Amino acid sequence: HRHYEDENEWGCGNWLEYTLVIVLATILLLGSLGLTLFWVINYHGGFAWQEDPQKQFNLHPVLMVAGFITFSGF
């Protein structure tokens, strides 16, 4: 005879699956941020503020991925 409390407890398999999903999601989130930084620095010449107005926009994709995707994901 099982009690109601026993049904709400997680077994070892459930914790393993949960941990695997969290680790995979974290790797993908940080990987997308790393690839965005790599793309902006290597292919668009990095960042600038007042010196080069064309490079000001390079902050936009990095901050969008960092703020919206990565921090919202965490």
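This structure is a prediction, so every number in the text was calculated from the model and none was measured. (Residues numbered from 1 in each chain as written. Predicted model: local features only at pLDDT ≥ 70, side-chain atom pairs only at ≥ 80, totals over all residues. Heavy atoms only, no water.)

**Details of the overall build of the protein**
Inference 1: Within the protein, the secondary structure is distributed over 3 helices and 0 strands.
Inference 2: From first element to last, N terminus to C terminus, the protein shows the α and β order α-α-α.
Inference 3: Taking all 74 residues of the protein together, the buried fraction comes to 16%.
Inference 4: Residue pairs at least 24 apart in sequence account for 41% of intrachain contacts in the protein once pairs closer than 6 positions are excluded. (Helix = DSSP H or I, 4+ residues; strand = E, 2+ residues; numbered from the N terminus. Buried < 20%, exposed > 50% of the residue type's maximum accessible area, 1.4 Å probe, protein only. Contact = heavy atoms within 4.5 Å.)

**Comments concerning the UniProt feature "transmembrane region" (unreviewed entry) in the protein**
Inference 1: Per the UniProt record, "transmembrane region" (unreviewed entry) is annotated on residues 20–41.
Inference 2: From the first C-alpha to the last, residues 20–41 spans 31 Å; its make-up is 100% helix and 0% strand. (UniProt positions renumbered as here; feature names shortened; annotations may be inferred.)

**Concerning a nonpolar patch on the surface**
Inference 1: A contiguous nonpolar surface patch, about 460 Å² in accessible area, is contributed by Trp10, Trp15, Tyr18 and Ile22.
Inference 2: Assignment of secondary structure puts isoleucine 22 in helix H2 (residues 12–43). (Patch = residues over 30% accessible without salt bridge, like charges linked within 9 Å, V, L, I, M, F, W, Y side chains within 5 Å. Areas by Shrake-Rupley, 256 points an atom, 1.4 Å probe, with all protein chains shown as cover. Salt bridge = Lys/Arg side-chain N within 4 Å of Asp/Glu carboxyl O.)

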